[in-house]
Amino acid sequence: MPRFAYPCPDCRTTTNLHGPDCRFDGEPWADIEKSYTDIIAVLTTDSHAEGELREAVHGRWDALHAAALDRLRHEKRVIENDGALRLLTADEFRETVSEPSFEPMQTIYEKGSVPGTHDNAVFAMIAWYEMVGLSWPETRENVVEWLHKSGTWSRGGFEESSPEELVESKRHVYEAGYGWKEKAQSAKSVIDRNL
């Protein structure tokens, strides 16, 4: 089941320690969470046009609500169809984020990894799935499937005896909640030069 940690809609932190230029630094954490729950509570009942959503939320719509809605859209938790905003179900969300659709993750997902960058690519895939809110079992399943489907495992260059063993050896990446971007950019540059 995908999880959602109500990140700061600007810097994405899930604690009171915001990024250096975060426009919501100092905002009470309860207000950050409330901005999300106000939106989610309305969208769990039905789809709404954005104007209707603004009117239906508890309290006054403010910059924090607008930023939270932008974050929910960016992370593909809320989509717009025919002018109406809709909250994705857990299954729809899991399906949506299982195939990364922007760079550098898209290249890694579609082309797979090559020897010399396997560690960065597998790290990035695990960190990506953790960041989008998939559970460890879902992450493990997606990464093992990616190793096979992308041809990464068949290219060789692994010390582990199976994709499952490889992914399990990287569980610390998931548990620590490391970022994916730096490793993904490094992996993409090597993949682009070799495939």
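None of these values were measured; they are calculated from a predicted model. (Residues numbered from 1 in each chain as written. Predicted model: local features only at pLDDT ≥ 70, side-chain atom pairs only at ≥ 80, totals over all residues. Heavy atoms only, no water.)

Peer 1: It is not clear to me how the packing of helix 6 (residues 118–131) against helix 10 (residues 181–194) should be interpreted in this structure. Could you clarify?
Peer 2: A pair of packed helices is characterised by two quantities: the angle between their axes and the separation of those axes. Between helix 6 and helix 10, the least distance of the axes is 8 Å, while the angle of their chain directions is 135 degrees. Classified by the angle between their axes, helix 6 and helix 10 sit oblique to one another. Once helix 6 is placed against helix 10, the crossing between them reads as left-handed. Contacts between helix 6 and helix 10 involve Asn120, Ala121, Phe123 and Ala124 from the former and Lys183, Ala184, Ser186 and Ala187 from the latter. Looking at side-chain class alone, the contact of helix 6 with helix 10 contains five nonpolar, two polar and one charged residues. (Axes fitted to C-alpha atoms, helices over the stretch in contact; angles between N-to-C directions. Helix = DSSP H or I, 4+ residues; strand = E, 2+ residues; numbered from the N terminus. Parallel < 35°, antiparallel > 145°, perpendicular 65-115°, else oblique. Left-handed = near helix turned anticlockwise from the far one by under 90°. Contact = heavy atoms within 4.5 Å. Nonpolar A, V, L, I, M, F, W, Y, C, P; charged D, E, K, R; others polar.)

Peer 1: Please clarify how the pairing of strand 1 (residues 78–81) should be interpreted in this entry.
Peer 2: Regular strands show a simple pattern: their side chains alternate between the two faces of the sheet. Pairing between strand 1 and strand 2 (residues 84–87): four bridges, direction antiparallel. Bridged to Asn81 within strand 2 is Ala84. Here strand 1 folds back onto strand 2 in antiparallel fashion, the turn holding two residues, of which Asp82 has a positive phi close to 50 degrees. (Pairing = 2+ DSSP bridges.)

Peer 1: Would you mind showing me how to read the layout of surface pockets here?
Peer 2: Think of a ball as big as a water molecule: rolled over the atoms, this probe shows where empty space is left. Of the pockets and cavities examined, the largest pocket occupies roughly 610 Å³. Around the largest pocket, the lining comprises 28 residues; the ones closest to its centre are Arg12, Glu75, Glu130, Met131 and Val132. Where the lining of the largest pocket is concerned, the elements lending two or more residues are helix 3 (63–74), helix 4 (90–97) and helix 6. No other element matches the four residues that helix 6 contributes to the lining of the largest pocket. (1 Å grid on protein atoms, 1.4 Å probe; cavity = no way out; pocket = protein on both sides within 12 Å on 5 of 7 lines; lining within 4 Å. Points joined across faces, edges and corners; volume = space filled by probe spheres on them.)

Peer 1: Could you clarify how one ought to interpret the nonpolar core in this entry?
Peer 2: Core analysis: the biggest nonpolar cluster contains 33 residues, and Ile108 and Trp146 have the highest contact counts within it. Of all the secondary structure elements, the ones that give two or more residues to this core are helix 4, helix 5 (105–111), helix 6, helix 7 (136–149), helix 8 (163–169), helix 9 (171–176) and helix 10. The element contributing the most residues to this core is helix 6, with nine residues. Setting aside anything within four residues of it in sequence, one finds Trp146 in contact with Ile108, Tyr109, Gly112, Ser113, Ala121, Val122, Met125, Gly151 and Thr152. Grouped together as the second largest cluster of nonpolar side chains are 19 residues, Cys22, Leu43, Val57 and Leu64 included. (Core = buried A, V, L, I, M, F, W, Y, C linked by side-chain atoms within 4.5 Å. Buried < 20%, exposed > 50% of the residue type's maximum accessible area, 1.4 Å probe, protein only.)

Peer 1: What am I meant to see in the environment of Val190 here?
Peer 2: By the element assignment, Val190 lies in helix 10. Classification of Val190 as buried rests on a relative accessible area of 16%. In the structure, Val190 is positioned 73 residues away from Thr117 in sequence and 6.6 Å away in space, judged by C-alpha atoms. When near neighbours in sequence (up to four residues on either side) are disregarded, Val190 contacts Val114 and Thr117.

Peer 1: Can you help me understand the packing of aromatic side chains in this one?
Peer 2: The geometry of an aromatic ring pair is captured by the separation of the ring centres together with the interplanar angle, meaning the angle of the planes. Per the counting criterion, the structure on display carries seven aromatic pairs. Between Phe102 and Trp180, the ring centres sit 6.1 Å apart and the planes meet at 65 degrees, which makes this aromatic pair edge-to-face. Within this pair, whereas Phe102 is found in the loop between helix 4 and helix 5, its partner Trp180 is found in the loop between helix 9 and helix 10, the two being separated by 78 residues in sequence. Classification of Trp180 as buried rests on a relative accessible area of 10%. Taken together, Phe102, Trp128 and Trp180 form an aromatic cluster joined through their ring pairs. Between the NZ or CZ atom of Arg77 and the centre of the ring of Phe93, over which it lies, the distance is 3.8 Å. Over the ring of Phe123 we find Lys183, and its NZ or CZ is 5.1 Å from the ring centre. (Phe/Tyr/Trp six-rings, centres within 6.5 Å; stacked < 30°, edge-to-face > 60°. Lys NZ or Arg CZ within 6 Å of the ring centre and 35° of its normal.)

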